Amino acid sequence: MTPHLLDILRQLSHDEFRSGEEVARRLRISRASVHNAVHEAESLGLRVQAVRGRGYRLALPVTWLDVASFAPPLSACGVHSQRLDTLDSTNAHLMLLAQSGAPHKSLVVAEWQGKGRGRRGRIWLAGLGGGLMFSLLWRFNRPASELSGLSLVVGLGLAQVLRDLGLQGAAVKWPNDILVDGAKLAGVLIELAGDMLGPSAAIIGVGVNVLGAESLRPALDQPVTDLSEHLGPHSLDRNVLLREMAARLNDHLERFERDGFAPFRLDWQALHAHQDQSVQVLTGHGERIAGQAVGVDDGGALLLATERGLQRFHSGEVSLRGAAA
Ligand code: BTN
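Participant: Describe the domain arrangement of the chain, with residues and values.
Facilitator: In terms of domains, the chain is made up of domain 1 (5-58), domain 2 (67-269) and domain 3 (274-322). Taking only C-alpha atoms, the centre of domain 1 and the centre of domain 2 are 30 Å apart. Between domain 1 and domain 2, the contact holds ten residues from the first and eight residues from the second. Counting the surface lost from both domain 1 and domain 2, the interface buries some 680 Å², and carbon and sulfur atoms represent 63% of this. In this assembly, domain 1 and domain 2 are joined by one salt bridge. One salt bridge connects Asp-85 with Arg-10, and the closest N-O pair in it is separated by 3.0 Å. Put simply, domain 1 and domain 2 have two residue pairs in polar contact (both at pLDDT 80 or more) between them. For the side of domain 1 that touches domain 2, the element with the highest residue contribution is helix H1 (residues 5-9), accounting for three residues. Split into classes, the residues belonging to the side of domain 1 that touches domain 2 amount to six nonpolar, two polar and two charged.

This is the structure:
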């Protein structure tokens, strides 16, 4: 990404056209730089309308991340926020910071990730301005082996925020995807650092599709959706989403630290996308096990009623019976 790209894009809006000349004058750069930036933005998934004699405008109402909007309320609950325009991955960045002593509750959010990480070694794609991507560092006094249920607590918090913002169809897929009508809206990647026997640290990475999911579909092997498809493009301010999600995670993680997953179990099941449905679990060994998803236990393991009785899964991929995992 060229250095001025985001500065240039922040000069544009969806509401009115602004000429390349004016953008160039405001930023003290050349008109050619503005022109090139618009082309680069298109290649990164952000559509910009260009009309001769009028200038440029964003095809969709993108709200750029603004520290002043989310950092003060989050700092009131002890979260230290950092916004970056571009990096490889907020998880990778925060992992490095954690290893060099970053404080508990450090949060990194980025406008663009060059190498966004997904679960199981996948990549996480998001068009420029179209996703919310952030990571939160949580330091636990317990070893990583005692954090079972953590990823479910995170998914639950995200789904609850989305419902509170009006997305009644938001549901959790075990262990922590967020689905709407079977299509993926958000994902969570938790990476652990520190001593497995002593205090541990979790980098909790969250990616939410906000706008422009249709441009991601050709590159993905599963149904995806975005917030604009359900709430309309104008109702979305990524700053509000970030603020609400990070605050909810903070509340839930404080409780999880005290009481574990058990108090969240029934709330999680109430939002479980596959509760009581016929599913199959693809295990780490490549085995497919069919059964009815009857819920989760107090440690967050998936409970599957199978022909051979009740089975418990601590890892694996769930899909509806007959669909690809
Ligand atoms: C998944 O595969 O569902 C998990 C996706 C997690 C993506 C987020 S985006 C912010 C954070 N940084 C990353 O590199 N990945 C996570």
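Participant: Let's hear about the site of the ligand: which residues, and what values?
Facilitator: What surrounds the ligand is a group of 20 residues, the closest being Ser-89, Thr-90, Arg-117, Arg-119 and Lys-184. Thr-90 is positioned such that a nitrogen or oxygen atom in its side chain is 2.9 Å from a nitrogen atom of the ligand. Listing elements by their share of the shell around the ligand, those giving two or more residues are helix H5 (90-99), strand S5 (131-140), strand S8 (183-194) and strand S9 (200-209). With four residues, the top contributor of residues to the shell around the ligand is S8. By residue class, the composition of the shell around the ligand is six nonpolar, ten polar and four charged.

Participant: Can you explain the sheet that holds strand S10 (residues 278-282)? Please cite residues and give values.
Facilitator: The five strands lie next to each other as S13-S12-S11-S10-S14, forming an open sheet whose pairing is antiparallel. Two strands bound the open sheet, and with one partner strand each, they are strand S13 (309-313) and strand S14 (317-320). Direction aside, neighbouring strands of the sheet carry axes that sit 45° apart on average. Sheet topology places strand S11 (residues 288-296) next to strand S12 (residues 302-306); four bridges connect them, and they run antiparallel. Each bridged residue has a counterpart across the sheet, and for Gly-295 the counterpart in S12 is Leu-303.

Participant: Run through the sheet that holds strand S7 (residues 177-180), naming residues and quoting values.
Facilitator: The strand order across the open sheet formed by seven strands is S3-S4-S5-S9-S8-S7-S6, and the pairing between neighbours is mixed. Strands with a single pairing partner mark the edges of an open sheet, and in this sheet they are strand S3 (80-87) and strand S6 (171-173). Put simply, the sheet's adjacent strands are angled 20° from each other on average, direction ignored. Strand direction decides the pairing type here: S3 and strand S4 (residues 106-113), joined by seven bridges, are parallel. Bridge pairing in S4 links Gln-82 to Val-108. Strand contacts of helix H8 (residues 238-259): S4, S5 and S9, with the helix running at about 25° to S5, the strand carrying the most contacts.

Participant: Now, about helix H3 (residues 31-43): what can you tell me, with residues and values included?
Facilitator: The terminal C-alpha atoms of H3 lie 19 Å apart, and with 13 residues this matches the ideal 18 Å at 1.5 Å per residue to within 8%. Turning to H3, its buried residues number three or more, namely Val-34, Ala-37, Val-38, Glu-40 and Ala-41. End-on view of H3: buried residues confined to an arc of 165°, all on one side of the axis. Away from its buried face by more than 90 degrees, H3 exposes His-39 and Ser-43. Residues of H3 that are buried sit in contact with H1, helix H2 (20-27), strand S1 (48-51) and strand S2 (55-58). Trailing H3 by a residue or two, Gly-45 shows a phi angle of about 95°, which is positive.

Quick notes on the rules
Residues numbered from 1 in each chain as written. Predicted model: local features only at pLDDT ≥ 70, side-chain atom pairs only at ≥ 80, totals over all residues. Heavy atoms only, no water. Domains from an automatic or database assignment. Contact = heavy atoms within 4.5 Å. Buried area = accessible area lost by both parts, 1.4 Å probe. Salt bridge = Lys/Arg side-chain N within 4 Å of Asp/Glu carboxyl O. Polar contact = N/O pair within 3.5 Å; in protein donor to acceptor, adjacent residues only side chain to side chain. Helix = DSSP H or I, 4+ residues; strand = E, 2+ residues; numbered from the N terminus. Nonpolar A, V, L, I, M, F, W, Y, C, P; charged D, E, K, R; others polar. Near = heavy atom within 4 Å. Pairing = 2+ DSSP bridges. Axes fitted to C-alpha atoms, helices over the stretch in contact; angles between N-to-C directions. Expected span 1.5 Å × (residues − 1). Buried < 20%, exposed > 50% of the residue type's maximum accessible area, 1.4 Å probe, protein only. Arc of directions from axis to C-beta.

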